[in-house]
Amino acid sequence: MKRKVARARKLRLSPNEEAMLLKQEYERRRKLRLQQVREQQKYIALQIRQEVKQRREEQLHRLEEALRAEWEKEQDQKMKALERMYLSSLRAVGEGHRQAREN
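Attention in this report is confined to the structure presented alongside it. Here the structure is a predicted model, which means the values were calculated and not measured.

1. What about the environment of alanine 66?
Along the chain, alanine 66 falls in helix α2 (residues 15-102). In this structure alanine 66 comes out as partly exposed when scored by relative accessible area, which is 44%. Spatially, the C-alpha atoms of alanine 66 and valine 93 are 40 Å apart, while their sequence positions differ by 27 residues.

The structure is reproduced here in structure tokens:
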């Protein structure tokens, strides 16, 4: 019986079986590598999308600040112009009374 067990342990694969196992291992590794590459691509694409989104938000923020500053400047100029018109109107009212007295 020991001989049968010893012989059973020394069994070798046929060349076709060995080639098939090698091919299966090659295909398994190939699929694993493809999965790894796809995961890397997904991660890189996600990073790129996040960077683009962040840049867009920063540009919008800068544009918002620039437009707000321009709007505030225009409002300040309008306010000053209205104040000048108001003061000139007040002076004109007083001058109208003076001219009426003189005439």
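2. What about the pattern of salt bridges?
In total, this model carries 5 salt bridges according to the counting rule given. Between glutamate 27 and arginine 30 there is a salt bridge whose closest N-O contact spans 3.2 Å. Pair noted here: glutamate 27 and arginine 30 are both in helix α2, with a separation of 3 residues, about one helical turn. Residue classification places glutamate 27 among the partly exposed residues on the basis of a relative accessible area of 27%. For arginine 30, a relative accessible area of 41% translates into the label partly exposed. When the shortest N-O distance is used, the salt bridge between lysine 80 and aspartate 76 registers 3.5 Å. Remark: aspartate 76 and lysine 80 occur in helix α2; sequence separation between them is 4 residues, near one turn of the helix.

Cut-offs and rules
- Throughout this description, residue numbers start from 1 for each chain and increase along the sequence as written.
- Residues qualify for local features only when their pLDDT is at least 70, as the model is predicted, and side-chain atom pairs are given and counted only at 80 or more; totals for whole chains, interfaces and linings, by contrast, use all residues.
- Each side-chain value is worked out from all heavy atoms of the structure, with water and hydrogens disregarded.
- A run of H or I in DSSP counts as a helix once it spans at least four residues, and a run of E counts as a strand once it spans at least two, with each numbered from the N terminus.
- Throughout, exposure labels follow a simple rule: accessible area from a 1.4 Å probe, protein chains only, divided by the maximum for the residue type, with under 20% read as buried, over 50% as exposed, and the rest as partly exposed.
- Salt bridges are defined as contacts in which a side-chain nitrogen from Lys or Arg sits within 4 Å of a carboxyl oxygen from Asp or Glu.

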